[in-house]
Amino acid sequence: MQRPPANTFNLEYLHEITNSLDEISKQKLKGVILTSAIPNIFSAGLDIKEFYKPDLQRLENFWSSVQDVFIKLLDLDFATAAAINGHAPAAGCVLSLSCEYRAMVNGNYKIGLNEAALGIITTPWIQAMMYQVIPMKHTETALTTAKLFDVDEALQIGLIDEIASNKEDAINRCKQYIRKFDKIPLHARALTKQRMRQTPIKILREQRDEDIRMFVDVVMNPSVQDNLKDYVEKLKNKKKK
Ligand SMILES: CCCCC/C=C\C/C=C\C/C=C/C(=O)SCCNC(=O)CCNC(=O)[C@H](O)C(C)(C)COP(=O)(O)OP(=O)(O)OC[C@H]1O[C@@H](n2cnc3c(N)ncnc32)[C@H](O)[C@@H]1OP(=O)(O)O
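Residues numbered from 1 in each chain as written. Predicted model: local features only at pLDDT ≥ 70, side-chain atom pairs only at ≥ 80, totals over all residues.

Caption draft 1: Expanded view of the overall build of the protein. Secondary structure assignment for the protein yields 11 helices and 8 strands. Expected size for 241 residues packed as a compact globule is a radius of gyration near 18 Å; at 17 Å, the protein falls within 12% of this value. Counting every position in the protein, which comprises 241 residues, the buried fraction comes to 38%. Look at the contacts in the protein between residues 6 or more apart in sequence, and 79% of them connect residues 24 or more apart. (Helix = DSSP H or I, 4+ residues; strand = E, 2+ residues; numbered from the N terminus. Rg over C-alpha atoms; globule rule 2.2 N^0.38 Å. Buried ≥ 20, exposed ≤ 12 C-beta atoms within 10 Å, placed from the backbone. Contact = placed C-beta atoms within 7 Å.)

Caption draft 2: View of the sheet that holds strand β3 (residues 79-84). What the 4 strands build is an open sheet, ordered β1-β3-β5-β8; its pairing is parallel. Unpaired on one side and paired on the other, β1 (31-34) and β8 (162-164) mark the two borders of the sheet. Geometrically, the sheet is characterised by an average inter-axis angle of 25 degrees between neighbouring strands, direction not taken into account. Contacts from helix α7 (residues 167-179) reach β1, β3, β5 (101-105) and β8, with the element oriented near 165 degrees to β3. (Pairing = 2+ DSSP bridges. Axes fitted to C-alpha atoms, helices over the stretch in contact; angles between N-to-C directions.)

Caption draft 3: Fine view of the site of the ligand. Taken together, 30 residues form the shell around the ligand, and within it Ala44, Gly45, Leu46, Ala90 and Ala91 come nearest. Along the lines of polarity and charge, the residues of the shell around the ligand split into 17 nonpolar, 7 polar and 6 charged. (Near = placed C-beta within 6 Å. Nonpolar A, V, L, I, M, F, W, Y, C, P; charged D, E, K, R; others polar.)

Caption draft 4: View of the sheet that holds strand β7 (residues 148-150). The strand order across the open sheet built from 4 strands is β2-β4-β6-β7, with neighbouring strands paired in mixed fashion. Both edges of this open sheet fall to β2 (40-41) and β7, since each of them pairs with a single strand only. In this sheet, strand β6 (residues 110-112) lies alongside strand β4 (residues 86-89) in parallel orientation, the contact comprising 2 bridges. Its bridge partner lying in β6, Pro89 is registered against Gly112.

Caption draft 5: Main features of the nonpolar core. Grouped together as the largest cluster of nonpolar side chains are 65 residues, with contacts concentrated most on Ala81, Ile84, Met104, Ile111 and Cys174. Looking at which element gives the most residues to this core, the answer is helix α2 (residues 56-75), with 7 residues. If near-sequence neighbours (up to four positions away) are discounted, Cys174 is found in contact with Ile33, Ala81, Ala83, Tyr101 and Ala103. (Core = buried A, V, L, I, M, F, W, Y, C linked by C-beta atoms within 7 Å.)

Caption draft 6: Layout of the packing of helix α4 (residues 124-131) against helix α5 (residues 136-144). Where α4 meets α5, the axes come as close as 9 Å, and the angle between the chain directions of the two elements is 130 degrees. Comparing their axes, α5 and α4 come out oblique. In this structure, α4 meets α5 at a crossing whose hand is right-handed. In this structure, α4 uses Gln127, Met130 and Tyr131 to contact α5, whose residues at the interface are Met136, Thr139 and Leu143. When the residues that make up the contact of α4 with α5 are grouped by side-chain class, the tally is 4 nonpolar, 2 polar and no charged. (Parallel < 35°, antiparallel > 145°, perpendicular 65-115°, else oblique. Left-handed = near helix turned anticlockwise from the far one by under 90°.)

See below:
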């Protein structure tokens, strides 16, 4: 990913990712590694500008595009791994959860689902993605407290699989993970993976319209917009301090 300054997902970038995923799906790949070309930030999640004082039509398109990306990612036949070379809050974390394996570079980085701190909530399919990786009890506490884990905590709780010394090491560990499937028939691997992930995939496929409606309702709530205003200000003012 290379969308400076923070690899945030806006509508156009989501379309680019969808097109790339469509393109790679046609190829006979062994696996895919997601990583960032931006030092210290894997992805800062959804672009907050998309849902602060939004245009309604664009907001609906935006969430529908978020759904497209995650349906495609969760469903990829081949192995997926994330070399998390920096912060991965919110949708940055969700992106890594869509992969089967996560190696995170050691450093002063945070990963987790902090949506509640913005006054928004995680959708059921995102919750399912989290509790398929870490236990339900930890998921509940992490989501309700908007917990961002440091690298050691993330390993301890199972949110990441390994700690890497740098980006190259993280990518190598991802490659090693992908090589594990060299002798496994692709069809069996893909079907097993899709069955294991059927909870979020099913919610995403069967409740798309309802999910968009809930997203729009939550985002357009005046108190949520107030929270987002404060959050955007806080982000802007960080540099001035
Ligand atoms: C069932 C009901 C349905 C309801 C559904 C509702 C919602 C959906 C739920 C979940 C989906 C996911 C939601 C999200 O992803 S929301 C986004 C959350 N992201 C964050 O909170 C991260 C915010 N950013 C940071 O904390 C930091 O930037 C960082 C990642 C820790 C990096 O810190 P660093 O100091 O290295 O950089 P800066 O802070 O200076 O940032 C650089 C630059 O990027 C801009 N920026 C950062 N994050 C965002 C963002 N998410 N959106 C837009 N812009 C962002 C920041 O302002 C700086 O910009 P500048 O112009 O000043 O350079």
